[in-house]
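Single-letter residue listing:
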Amino acid sequence: IENAYRQLDITFANQLSLAYPEMDMTSVLKMVGTKWNVETYHPSFGTGGYCIPLAPQYVLEGAKHPEKLTLLHESLKTDFSQPEEVVASLMRRGVQKVAVLGIAYTGDLKVHILSPALPIARMLKQRGVDVKVHDPYYDTEEIAKHTGCESMVFPEGLEDRDAIILVSSHMMYRYTNTQRIISHLGNARLVLDNMGTWNDIEFPENINYFEAGHANWLE
């Protein structure tokens, strides 16, 4: 039940970001979370792992009247459609070569179950986008198996990518020297950052950086 509650809160954060695309909903929700009895939730590419995205399904399966749990039904729809929202935004922006950083659903764990990185990579490839993937916890064969895409080295492999999708907040991405990262963004014009891992980097003016939930992050 606890994780089903969390799913509802996360869904509300994502729906607010979709409903008010011109607002920096990440900052708004951080301010809301300064109230002592309110948790802070962050818009994202979608949830993953064994707990939060599965909990509502367990609750629905065990209910005598699952049709009464309309909020849970809608939360699942929103959660599972978030990767589609990200892909649709990328296609509108005309990206052609994308780097997906991280297939784990969270930082520094080798757990990819229900990770939003997987459908994002697959859907982009299906739409004809050149997608390469990196995750320090997965080897080349594992990345190909789970995403259907080629692997790349980090950060050197970013050199020819016009968009970077940063999914997992791995320490490798957070603590790699900033100038080393920027030096390999020769063709990049867009960075979408799921959890704000790079929100302290000052990117060149030609690169549009959006943390999930920022104003117009899914324009």
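This write-up is about the structure you can find in this document. Source: prediction; values computed, not measured.

Right, let's get into the overall build of the protein. Tallying secondary structure elements over the protein gives eight helices and six strands in all. The order of α-helices and β-strands along the protein, N terminus first, is α-α-α-α-β-α-β-α-β-β-α-α-β-β. Relative to its length of 219 residues, the protein is compact, with a C-alpha radius of gyration of 17 Å against a globular reference of 17 Å. Counting only C-alpha atoms and orienting by the principal axes, one finds that the protein spans roughly 55 × 40 × 30 Å. Expressed as a percentage of its 219 residues, the buried residues of the protein come to 49%. Sequence-distant contacts, at least 24 apart, represent 70% of the contacts inside the protein between residues at least 6 apart. Of the accessible surface of the protein, which amounts to about 11,000 Å², a share of 53% is contributed by carbon and sulfur atoms.

Take helix H3 (residues 55-62) next. Of the residues making up H3, those classed as buried are Ala55, Pro56 and Leu60. The buried residues of H3 occupy an angular sector of 135 degrees when the element is viewed end-on, so they sit on one face. More than 90 degrees from the buried face of H3, the exposed residues found are Tyr58, Glu61 and Gly62. Contact partners of the buried residues in H3: helix H1 (2-19) and helix H4 (70-92).

Here strand S5 (residues 190-193) shows two buried faces, one formed by Leu190 and Leu192 and the other by Val191 and Asp193. The sheet contact formed by strand S4 (residues 163-166) and S5 spans four bridges and is parallel. Bridge pairing links Leu166 to Asp193 in S5. Sheet topology places S5 next to strand S6 (residues 208-211); four bridges connect them, and they run parallel. Paired with Asp193 across the strands is Glu211, a residue of S6.

Attention shifts here to the sheet that holds strand S3 (residues 150-151). As summarised here, the arrangement of the six strands in space is S3-S2-S1-S4-S5-S6, forming an open sheet in which the pairing is parallel. For this open sheet the edge positions go to S3 and S6, each flanked by a neighbour on one side alone. With five bridges connecting them, strand S1 (residues 97-101) and strand S2 (residues 130-134) associate as parallel partners. From the neighbouring strand, Lys97 faces S2, where its bridge partner is Asp130.

Procedures and definitions
- Residues numbered from 1 in each chain as written.
- Predicted model: local features only at pLDDT ≥ 70, side-chain atom pairs only at ≥ 80, totals over all residues.
- Heavy atoms only, no water.
- Helix = DSSP H or I, 4+ residues; strand = E, 2+ residues; numbered from the N terminus.
- Rg over C-alpha atoms; globule rule 2.2 N^0.38 Å.
- Buried < 20%, exposed > 50% of the residue type's maximum accessible area, 1.4 Å probe, protein only.
- Contact = heavy atoms within 4.5 Å.
- Areas by Shrake-Rupley, 256 points an atom, 1.4 Å probe, with all protein chains shown as cover.
- Arc of directions from axis to C-beta.
- Pairing = 2+ DSSP bridges.

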